[in-house]
Amino acid sequence: MTDLRSRGTFLQLPFIRKQGNIYKPNNKNMDNDSMSGMKTMQDVHTKEIDLVNRDPKHLNDEVVKVDFEDVIAEPAGTYSFDGVWKASFTTFTVTKYWCYRLLTALVGIPLALVWGIFFAILSFIHIWAVVPCIKSYLIEIHCVSRVYSICIHTFCDPLFEAMGKCCSSIRISTTKEV
């Protein structure tokens, strides 16, 4: 750019906002040279999900882990036949596995839709109603608190200071008579 100015040719560069382009806020400069050195922000809707670790934040570690041994146990001396025990284990495990899969196939997607709508509404209300109301309240209450503070310091402070001075000369002594 300095070479072009020294030769008398001036280029007018487009205005670039410091916080980025309004349509791509994370891209400060739109030319390809600067794009290679910048961090790219991943869209949360297009990120890949982990199909192996489906609870990365360990939300259901203690709640849902129910194995055969957690539900059915035979104390020492009262054992059933080994074949019955193995068949019970297999029946329990396979039933739990396939019932869960069937329920998630039938109800999982509709519930995901319901929860998505619920959290979208909750986010909308929080962003567009709750936070502005709280900010508005804090702005309004600041004026009230200033007036209240002035009234307290004007009227109550002298009263309590005078009462404190009056009561500071009171002396109490106790004697025990036998």
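Computed from a prediction, not measured in an experiment: that's the story for all the values here. (Residues numbered from 1 in each chain as written. Predicted model: local features only at pLDDT ≥ 70, side-chain atom pairs only at ≥ 80, totals over all residues. Heavy atoms only, no water.)

Asks: Quick rundown of the UniProt feature "transmembrane region" (unreviewed entry) in the protein? Include the residues and the values.
Replies: Under the feature "transmembrane region" (unreviewed entry), the UniProt entry names residues 102–129. Helix makes up 100% of residues 102–129 and strand 0%. Its end C-alpha atoms lie 39 Å apart. (UniProt positions renumbered as here; feature names shortened; annotations may be inferred. Helix = DSSP H or I, 4+ residues; strand = E, 2+ residues; numbered from the N terminus.)

Asks: I'd like a description of helix α4 (residues 82–168), backed by residues and values.
Replies: End to end, α4 covers just 88 Å across 87 residues, shorter than the expected 129 Å (1.5 Å per residue, more than 12% under). Remark: the principal bend of α4, roughly 45 degrees, maps to Val107, with a proline, Pro110, within the next four residues. (Expected span 1.5 Å × (residues − 1). Bend = angle between axes of the 7 residues up to and from the residue.)

Asks: How would you sum up the layout of surface pockets? Please name residues and give values.
Replies: When its volume is computed, the largest pocket comes out at roughly 1,200 Å³. Every residue lining the largest pocket is counted, 26 residues in all, and those nearest its centre are Arg54, Asn60, Val64, Tyr100 and Thr104. Broken down by secondary-structure element, the contributors of at least two residues to the lining of the largest pocket are α3 (68–71) and α4. It is α4 that contributes the most residues to the lining of the largest pocket, 11 residues altogether. The computed volume of the second largest pocket comes to approximately 220 Å³. (1 Å grid on protein atoms, 1.4 Å probe; cavity = no way out; pocket = protein on both sides within 12 Å on 5 of 7 lines; lining within 4 Å. Points joined across faces, edges and corners; volume = space filled by probe spheres on them.)

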